[in-house]
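Next come the chains, spelled out residue by residue.
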Amino acid sequence: VTETVVVEQVDELTQELGDALRRLLPQLSASATFDADLLHRVVEHEASTLLVARVAGSVRGALTLVMYPLPTGIRAHIDDVVVDEEARGQGVGAALVRAALDLAESRGARTIDLTSRPSRAAAIRLYERLGFVRRDSNLYRYLPPSSS
Ligand SMILES: CC(C)(COP(=O)(O)OP(=O)(O)OC[C@H]1O[C@@H](n2cnc3c(N)ncnc32)[C@H](O)[C@@H]1OP(=O)(O)O)[C@@H](O)C(=O)NCCC(=O)NCCS
């Protein structure tokens, strides 16, 4: 039986949501650490929208939708998609990404981008199933010397 997934936008970082994100973020990557101040900034920031997914009332997944105007149009980016290990394969990830796509479209996004490492097989399968198409572009990162 597939449980109903409810996706909601986070307007305030409650203790419950903080606890859920403390559990979820390390499942995103080994280097993702919980930072309550940073999470408050995410929730308060005009460009960022934190979405969480609940199954049977409990928070089981999260993502962040970022939207920003550019001279070429309103752009959107989906980041930090994560579903609790024990709740994977039930459509929680799909419900989160679909909700982000609907929100971005309703706010006038011209494009909605995301990145995913080739090793993230489940994520890639999910994104392609939802209609994301690979772009032929190079992904660059500059690490400021002060960042390490
Ligand atoms: C990617 C992730 C968010 C998906 O969440 P989820 O709730 O399991 O997603 P869904 O149930 O909606 O769909 C998962 C899909 O991946 C498939 N899948 C699960 N494990 C898989 C694996 N190891 N290899 C390939 N596909 C896999 C599922 O079968 C399902 O596809 P299907 O419905 O077409 O069969 C979750 O696996 C996760 O949090 N991973 C770790 C963090 C991560 O990689 N985040 C993405 C960053 S880009």
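Residue indices follow the written sequence of each chain, beginning from 1 at its first position. The predicted nature of this model means local features are confined to residues of pLDDT at least 70 and side-chain atom pairs, given and counted, to a pLDDT of 80 or more, with totals for whole chains, interfaces and linings taken over all residues. With hydrogens and water stripped out, all remaining heavy atoms of the structure feed into the side-chain values.

Engineer: Is there a simple way to think about the packing of aromatic side chains in this case?
Structural biologist: Centre distance and the angle of the planes are the two values used to describe a pair of aromatic rings. In this analysis, rings of Phe, Tyr and Trp, with Trp reduced to its six-membered ring, are considered paired at centre separations within 6.5 Å, and the interplanar angle assigns stacked below 30 degrees, edge-to-face beyond 60, and tilted for intermediate values. Under the criterion given, the structure shown has 1 aromatic pair. Ring centres 5.9 Å apart and planes at 65° place the aromatic pair Y127 and F132 in the edge-to-face group.

Engineer: What exactly am I supposed to notice about the site of the ligand here?
Structural biologist: If even one non-hydrogen atom of a residue comes within 4 Å of a molecule or strand, that residue is called near it. Around the ligand, the surrounding shell holds 22 residues, and the nearest of these are V81, V83, G89, G93 and R120. Polar contacts here mean pairs of N or O atoms no more than 3.5 Å apart (in protein, one a potential hydrogen donor and the other a potential acceptor; neighbouring residues in sequence count only if both atoms are side-chain atoms). G91 places a main-chain nitrogen or oxygen 2.8 Å from an oxygen atom of the ligand. In this structure, an oxygen atom belonging to the ligand sits 3.0 Å away from a main-chain N or O atom of A94. Note on areas: Shrake-Rupley with a 1.4 Å probe; residue coverage comes only from the protein chains shown. Protein coverage of the free-state accessible area of the ligand, which is 950 Å², stands at 72%. Comment: elements are numbered from the N terminus, with helices defined as DSSP H or I runs of at least four residues and strands as E runs of at least two. Elements represented by at least two residues in the shell around the ligand include exactly β4 (73-83), α3 (92-106) and α4 (121-129).

Engineer: Is there a simple way to think about the pattern of salt bridges in this case?
Structural biologist: Opposite charge on two side chains allows them to pair when their charged atoms are near. Salt bridges are identified by distance alone: a Lys or Arg side-chain nitrogen within 4 Å of an Asp or Glu carboxyl oxygen. Scanning the model with the defined rule gives 5 salt bridges in all. In this structure, the salt-bridge partner of E16 is R54, at a minimum N-O distance of 2.7 Å. In this pair, E16 is assigned in helix α1 (residues 15-24) and R54 in strand β2 (residues 48-55), connecting sequence segments 38 residues apart. When salt bridges that share partners are traced, they join E8, E16 and R54 into one network.

So, to be careful, I would describe these as geometric facts and stop short of saying anything about function.
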